[in-house]
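Fold and contact review
Letter by letter, the chains look like this.
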Amino acid sequence: MKKSALFVFCLFLFAISDTFAQKFGYVDTEYVLSRMPEYKEAQAEIEKLARGWETEIQEMYKKVEEMEAALQAEEVLLTAEMSAERRQEIDREWKEVKEYQKQIFGFDGLYFLKKKELVKPVQDQVFEAVERVAKNNRLQIVFDKSGDLVMIYTDPIHDYTDYVLEELGLGENQESSN
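Moving on: a nonpolar patch on the surface. There is a patch of nonpolar side chains on the surface, built from F107, L110, F112 and L113 and spanning about 430 Å² of accessible area. Along the polypeptide, F107 turns up in the loop between α4 (80-105) and α5 (110-136).

Here you go:
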């Protein structure tokens, strides 16, 4: 009798442990984003803006460098006061160029804000799709394979990237993602 009670108790423990087992999966969000036309359009617009700003900043640098070259060429003809005045103007121009560059490409600069504005809605779509896939497949944890998390080995059975693509209506995976 004790053996059968022990056996039933062990079966009960195994059943409970399966009930509390966590399912997990991973998604390659970088790959999913690369398949989304909206993301490609946002990236193209961001790159176009960045190139324009870089060109503008380079022109500003070139202007200040030309001012410095002109000062060096004319320095022997200028009085100390005139030379100091032009040097101050050049220093002010350098400061303005660097400040403008910081406003554009610095942390919380226009580039960062524009990228956030254009890419965030697309990322939100992906994260919502990941959440739906996770709920439909009863996953407790979903890792982002393309993020900072390093996975040395992953069993392809836990890759839910195709489900997220399907959820977004991007069709079947034609390429190998791993």
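Once that is clear, we can look at the packing of aromatic side chains. Think of a pair of aromatic rings as described by two things: how far the centres are apart, and how the planes are tilted against each other in angle. Scanning all chains against the criterion turns up six aromatic pairs. Centre to centre, the rings of F105 and Y111 are 5.6 Å apart; their planes meet at 45°, and the pair counts as tilted. Taking relative accessible area as the criterion, F105 reaches 30% and is therefore assigned partly exposed. By relative accessible area, which is 22% here, Y111 ends up partly exposed. Taking the centre distance of 5.4 Å and the plane angle of 35° together, the rings of F107 and F112 count as tilted.

On to the nonpolar core, then. In terms of nonpolar packing, the biggest core is built from 20 residues, with V27, V32, L33, M36, Y39, V126 and V164 touching the most fellow members. Of all elements in the fold, only α2 (29-34), α3 (37-74), α5 and α6 (161-167) reach the threshold of two or more residues within this core. Contact partners of Y39, with chain neighbours within four places excluded, come to L33, S34, V119 and V122. Core analysis: the next-biggest nonpolar cluster, separate from the first, contains seven residues, V64, L71, L78 and I90 among them.

On to the packing of α3 against α4. Packed helix pairs are characterised by how far apart their axes lie and by the angle those axes make with each other. As a packed pair, α3 and α4 sit with axes 10 Å apart at the nearest point and diverge in direction by 170°. One element, α3, and the other, α4, form an angle in the roughly antiparallel class. Considered class by class, the residues forming the contact of α3 with α4 number 15 nonpolar, two polar and eleven charged.

Counted under the stated rule, the structure contains nine salt bridges. Between R86 and E74 there is a salt bridge, and its shortest N-O distance comes to 2.8 Å. Taken as a pair, R86 in helix α4 and E74 in helix α3 lie far apart in primary sequence, twelve residues in all. For R86, a relative accessible area of 25% translates into the label partly exposed. Of the charged contacts, one joins R132 and E167 as a salt bridge, the two residues approaching to 2.6 Å between their closest N and O atoms.

Okay, α5 next. The terminal C-alpha atoms of α5 lie 39 Å apart, and with 27 residues this matches the ideal 39 Å at 1.5 Å per residue to within 8%. The largest bend in α5 comes to about 35°, at V119, with the proline P121 one to four residues further on. Three or more residues of α5 are buried, namely L118, V119, V122, V126, A129, V130, V133 and A134. Looking at the packing, one finds that the buried side of α5 touches β1 (24-27), α2, α3, β2 (141-144) and α6. The first or second residue beyond α5 is R138, which carries a positive phi of 55°.

On to α4, then. For α4, which comprises 26 residues, the first-to-last C-alpha distance of 37 Å matches the rise-based estimate of 38 Å (1.5 Å per residue) to within 8%. Buried residues of α4: S83, I90, E93, W94, V97, Y100 and I104, and no others.

Turning our eyes to something else, we now look at the confidence of the model for the protein. Averaged over all residues, the pLDDT of the protein equals 83, while 80% of them reach at least 70. Ranking the elements of the protein by mean pLDDT puts helix α1 (residues 2-19) last, at 50, and α3 first, at 95. Within the model, the stretch residues 5-13 combines pLDDT values under 50 with zero contacts to residues more than four positions away or in other chains.

Examined against the element boundaries, T29 turns out to sit in helix α2. Separated by 2.8 Å, the side chains of T29 and D144 make a polar contact. Leaving out residues up to four positions away in the same chain, T29 has contacts with V126, F127, D144 and S146.

Cut-offs applied
Residues numbered from 1 in each chain as written. Predicted model: local features only at pLDDT ≥ 70, side-chain atom pairs only at ≥ 80, totals over all residues. Heavy atoms only, no water. Patch = residues over 30% accessible without salt bridge, like charges linked within 9 Å, V, L, I, M, F, W, Y side chains within 5 Å. Areas by Shrake-Rupley, 256 points an atom, 1.4 Å probe, with all protein chains shown as cover. Salt bridge = Lys/Arg side-chain N within 4 Å of Asp/Glu carboxyl O. Helix = DSSP H or I, 4+ residues; strand = E, 2+ residues; numbered from the N terminus. Phe/Tyr/Trp six-rings, centres within 6.5 Å; stacked < 30°, edge-to-face > 60°. Buried < 20%, exposed > 50% of the residue type's maximum accessible area, 1.4 Å probe, protein only. Core = buried A, V, L, I, M, F, W, Y, C linked by side-chain atoms within 4.5 Å. Contact = heavy atoms within 4.5 Å. Axes fitted to C-alpha atoms, helices over the stretch in contact; angles between N-to-C directions. Parallel < 35°, antiparallel > 145°, perpendicular 65-115°, else oblique. Nonpolar A, V, L, I, M, F, W, Y, C, P; charged D, E, K, R; others polar. Expected span 1.5 Å × (residues − 1). Bend = angle between axes of the 7 residues up to and from the residue. pLDDT = per-residue confidence, 0-100. Polar contact = N/O pair within 3.5 Å; in protein donor to acceptor, adjacent residues only side chain to side chain.

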